Amino acid sequence: MRPWKKWTLVGIGLLFVAAAAFIVPTVWFKPYSVNHFYGRVFLRFALQSPMLLSQLGVLPPFLDFHSDELDDVSPEAEERTFRMVQRELGILRSFDRGAISDTISYDVMEWFMEDLVEGQRFRFHGFPLNQFSGAQSELPSFMLNVHQIRRKKDARNYLARLEAFERYFDQVIAGSRLRAARGITPPRFVLERVLTEMRGFISPPPEEHVLYTNLRSALDTLRDISAEERRVLLLRGGAAIRGRVYPAYRKLISHAEELERNASEDDGAWRLPDGDAYYAHMLRSSTTTDLSAEQIHQLGLREVERIEAELRPLLARQGYQADDLGDALMRLREEPRFQWPDTDEGRAAILEEYRRIIVEASSRLAPLFGMQPAAPVVVERVPQFREATSAVASYQQPTLDGARPGKFFVNLRDVADHARFRMRTVAYHEAIPGHHFQLATQQQLKGGPFFRRVIPFTAYTEGWGLYAEQLAAESGLQDDPLDRIGYLVDELWRAVRLVVDTGIHSKRWSRSDAIAYMRRTGKPEKDIVAEAERYVVLPGQATSYKVGQLKILELRERARAHLGDRFDIRGFHDVVLGQGAVPLAILERAVDAWIQSELQRLPGRVAVTQ
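Residues numbered from 1 in each chain as written. Predicted model: local features only at pLDDT ≥ 70, side-chain atom pairs only at ≥ 80, totals over all residues. Heavy atoms only, no water.

In this section: the confidence of the model for the protein chain. Overall, the predicted model of the protein chain reaches an average pLDDT of 91, with 94% of residues at or above 70. Taken together, the stretch residues 1–24 has pLDDT below 50 and engages in 8 contacts with residues farther than four places along the chain or on a different chain. (pLDDT = per-residue confidence, 0-100. Contact = heavy atoms within 4.5 Å.)

Put into C-alpha cells, the structure is as follows:
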C-alpha cells in the first residue's frame, strides 16, 4: 500500500474513533460538556412528543418525520418519562457547577427537572378529562390551531393524525381508569361540563364537522394538488371522522358517564390521597417559590383590600355608590355604551378593536424595550366548539420557524365579556407588551442553550403578563378613568384568585363559597362560575399571576432605589426578558447581578449586596 493511502486510512480511522468517543457518551452516558447534555435532554423530550415538535416548528420541512403522529399519553409512557428525567437529573448533578460559567442555565435545568421528579408521587393526581384543558378539547384544538396544512403531505399527515384519535383516547381512558382505581376522579360538575362539550362536539354530520371543514378550507389554498387528489383526501377525511374520531369520542363519553355515576361533590385537592402535600407541591410548581398556602391567602387578602380601596372613589366619581362593590361594577359593565351588538358585525368589530389597541400599544411602548419580538401577533376568534369552556382570551406563541405568528385568541361566545372599558387591559396582557412580547422574544434568545428558548415557568410568564398591564397603565395608555377602572377590575380578579385558590384547596371552601367571594369583582355569574371551576381542576395555577407580578415589581423598585436617576427602564426590561422564563429566585439573582454591574459603572456609587 502506498504511504499516502495508508495515512489516509489511518486518518479516517482516527476520525471514526474520535467521533465514536464523542457520540457514545453524548447519546448514552455523561457528555463531556454540560451544553451537550442540555441538547440531549431537550432532544429526548422533543423526540418523545411529535405534537411538541409541531408546536415548536423547530425542524425544517425535509426533516418532518413526526407530523403524522400523536403523542403517546399512556401510563407506561408517563413512567418512561419519569425514569428518564430521574436519570438525567443525576447526570446533571454530576457536573461540577463551580466550573460552569453559565450557572443560570444549570440552575434553570436543575429546578425544572427536580420539580418533575418531586412531582412523581402526584403524577396521577390530575384529571385527563376536564372542562378547561382536558384531552377531549386540547387534541382537536391542536389539530385546528397547530397542525399546519401548507402542502399535500401536510394534508395526508393531518388525516393520519385524525385516524390516530382512537388510539390516543384509549390511552387517555387507561390513565383515567388508573387514577380512578387510586381514588382520584373529577368532581361531578367537571364531568357534567365535559360530557356536554363532547356530546356537542360529535353532533354535526361528519362533513359539517369543524375538523372536516378545516381540512376542506386548507385544501382550497393548496397549489400542489389536483381536483381528484382533493376529492380523495376529503373522502378519507370524512371517513376518518365518521369511523375513528366519533367512535373515539363515544368511548370517552361512555367512560365519563361511568365516572359520573360515582363522582364526588367535593372540589378541593384536600379530598385526594395525600391532598395537602399535593397542593403544596402544586403551589411551589406554579409560583416557583416556597410560599405556603396560608401566606398566599393572606397576600391575596391584602391585595384585594388595596385594590378595592382605589376602585371605590373612582366608581363614586362615575356616579356609582360602591357600598356593594360587585353590584356597582356589574351595573357599570352592563351600561349600553360599553356593549357591542350581539351580531356577526358586532363580533367582527370586537376583533378589529383589539387589533387597533395592539397597533397603538406597539407604537407607544416600543421606547420602553430594547429587546422586541420579530414575529407578528394576529387576533383570531376562539374556535366555536371550545367557546363554552374556554377563557375570554388567550395567547398561543409563534413557531420557531416563523411559519405561524403569535395568536391572540378572543372568545366571542358572549359579546358582553368584552365591555369596552376593559378591552385594553386584555390586549396588553395577551399581546403587547404581555405574552406575545415575552414568549416571542424568548424564542429569539441567542448564545445560550436551546432549551432556554422554550422552557415554561408559569409564575414568570403570567407574572409578566400582569406586569405588562400595569406597565401600560403607567405609560399613559389607560388615562381615561373608565379604562383605569377596567385595569383595576382585572387586577382585583387576579388578587381574588390568591384567596379563592387557597380557600378551595387548603381551607376546604366549597365551590359555592368561592363563587360568593368572587362576586365582589362584578364579573358575570357565568364567568365567576367558570373561573371557580377552573381553579378546582388546576390547583395552584391561578396563584402564579399575582406572585409573579409582585416579584417583578419588587425587583424593579429595588433597581430604581439603588440606581436612582440612572435607572434605565429599557435595561431593566432587557434583563428580565433576556433570561427567558425562569424560576423567580433565579430571576432575582439575574436582576441583582445587573444592578451590581450598573453600580460599578457609575462613579461614586457603592455596590449594595442584597
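Here we take up the layout of surface pockets. Quantified by volume, the second largest pocket comes out at close to 380 Å³. Around the second largest pocket, the lining comprises 17 residues; the ones closest to its centre are Leu144, Asn145, Asn214, Glu380 and Pro383. No other element matches the 4 residues that helix H10 (residues 210–221) contributes to the lining of the second largest pocket. For the lining of the second largest pocket, the per-class residue count stands at 7 nonpolar, 6 polar and 4 charged. (1 Å grid on protein atoms, 1.4 Å probe; cavity = no way out; pocket = protein on both sides within 12 Å on 5 of 7 lines; lining within 4 Å. Points joined across faces, edges and corners; volume = space filled by probe spheres on them. Helix = DSSP H or I, 4+ residues; strand = E, 2+ residues; numbered from the N terminus. Nonpolar A, V, L, I, M, F, W, Y, C, P; charged D, E, K, R; others polar.)

This brings us to helix H21 (residues 525–537). The first and last C-alpha atoms of H21 sit 19 Å apart over 13 residues, in line with the 18 Å expected at 1.5 Å per residue. For H21, the tally of buried residues reaches 10 of 13 residues, placing the bulk of the element in the interior. Those residues of H21 that sit buried are Asp527, Ile528, Val529, Glu531, Ala532, Glu533, Arg534, Tyr535, Val536 and Val537. On its buried face, H21 is in contact with helix H9 (188–201), helix H19 (481–505), helix H20 (511–518) and helix H22 (544–563). (Expected span 1.5 Å × (residues − 1). Buried < 20%, exposed > 50% of the residue type's maximum accessible area, 1.4 Å probe, protein only.)

Now for the packing of aromatic side chains. Summed over all chains, the structure comprises 21 aromatic pairs. Both rings, one in Trp464 and one in Tyr467, keep their centres 5.2 Å apart while their planes meet at 45°; by these two values the pair is tilted. Within this pair, Trp464 and its partner Tyr467 are both found in helix H18 (residues 458–474), separated by 3 residues, close to a single helical turn. The exposure class of Trp464 is buried, given its relative accessible area of 0%. Residue classification places Tyr467 among the buried positions, given a relative accessible area of 1%. Sitting over the face of the ring of Tyr545, Arg497 holds its NZ or CZ atom 4.5 Å from the ring centroid. Directly above the aromatic system of Tyr517 lies the positively charged group of Arg520, at a separation of 4.4 Å from the ring centroid. (Phe/Tyr/Trp six-rings, centres within 6.5 Å; stacked < 30°, edge-to-face > 60°. Lys NZ or Arg CZ within 6 Å of the ring centre and 35° of its normal.)

Tracing the backbone shows Glu491 in helix H19. On the accessibility criterion, Glu491 (3% relative accessible area) is buried. In contact with Glu491, not counting residues within four places along its chain, are Glu303, Arg306, Ile307, Gln470, Lys546 and Gln549.

Below, the discussion takes up the pattern of salt bridges. One pass over the structure, following the stated rule, counts 65 salt bridges. Across the pair Arg93 and Glu114 runs a salt bridge whose closest N-O atoms are separated by 2.7 Å. Here the residue Arg93 occupies a position in helix H4 (residues 75–94), and Glu114 occupies one in helix H5 (residues 103–118), the gap between them amounting to 21 residues. Given the relative accessible area of 38%, Arg93 is considered partly exposed. Arg97 is the partner of Asp107 in a salt bridge, and the nearest nitrogen-oxygen pair spans 2.7 Å. With a gap of 10 residues between them, Asp107 in helix H5 and Arg97 in the loop between H4 and H5 connect regions that are remote in the sequence. (Salt bridge = Lys/Arg side-chain N within 4 Å of Asp/Glu carboxyl O.)

Our next topic: the sheet that holds strand E3 (residues 406–410). One open sheet accounts for 3 strands, arranged E1-E3-E2; its pairing is mixed. Unpaired on one side and paired on the other, strand E1 (377–381) and strand E2 (393–396) mark the two borders of the sheet. Averaged over neighbouring strand pairs, the angle between their axes works out to 25° when direction is ignored. Sheet topology places E1 next to E3; 5 bridges connect them, and they run parallel. Counted as the bridge partner of Val379 is Phe408 from E3. Docked against the sheet, helix H16 (residues 423–430) engages E2 and E3, running at close to 20° with respect to E2. (Pairing = 2+ DSSP bridges. Axes fitted to C-alpha atoms, helices over the stretch in contact; angles between N-to-C directions.)

Considering soluble globular proteins, one finds that nonpolar side chains tend to be buried as a cluster. By size, the foremost hydrophobic cluster in this structure holds 103 residues, and its most contacted members are Leu162, Phe165, Phe169, Leu211 and Ile485. When residues in this core are grouped by element, the largest group, 13 residues, is from H19. The contact partners of Ile485, leaving out residues within four places of it in the chain, are Leu311, Leu314, Leu315, Gln318, Leu329, Leu332 and Phe421. Membership of the second largest hydrophobic core comes to 80 residues, among which are Met84, Val415, Ala427 and Ile586. (Core = buried A, V, L, I, M, F, W, Y, C linked by side-chain atoms within 4.5 Å.)

Next up on the list: the environment of Leu555. As for its placement among the helices and strands, Leu555 is situated in helix H22. We classify Leu555 as buried; its relative accessible area is 0%. Here the alpha-carbon distance between Leu555 and Asp323, two residues 232 residues apart in the chain, equals 35 Å. Setting aside residues up to four positions removed in sequence, Leu555 forms contacts with Phe572, Leu587, Glu588 and Val591.

All right, on to a nonpolar patch on the surface then. A cluster of nonpolar side chains, namely Leu43, Leu47 and Phe65, defines an oily patch on the protein surface of about 300 Å² accessible area. Mapping Leu47 onto the fold places it in helix H2 (residues 34–47). (Patch = residues over 30% accessible without salt bridge, like charges linked within 9 Å, V, L, I, M, F, W, Y side chains within 5 Å. Areas by Shrake-Rupley, 256 points an atom, 1.4 Å probe, with all protein chains shown as cover.)

So, on to empty space enclosed by the protein. To locate leftover empty space, one rolls a probe as large as a water molecule over the atoms. For the coordinates displayed, the defined rule picks out 2 cavities of 30 Å³ or more. Its boundaries defined by the atoms lining it, the largest cavity holds a volume of some 50 Å³. Around the largest cavity, the lining comprises 13 residues; the ones closest to its centre are Phe127, Leu272, Tyr278, Val536 and Pro539. Each residue belonging to the lining of the largest cavity can be placed in one class, and the counts come to 7 nonpolar, 4 polar and 2 charged. Estimated volume of the second largest cavity: approximately 30 Å³. Taken together, Gly126, Phe127, Pro128, Ser176, Arg179, Ala180, Ile184, Thr185, Pro186 and Leu259 make up the lining of the second largest cavity. Tallying contributions element by element places helix H8 (residues 165–181) first for the lining of the second largest cavity, with 3 residues.

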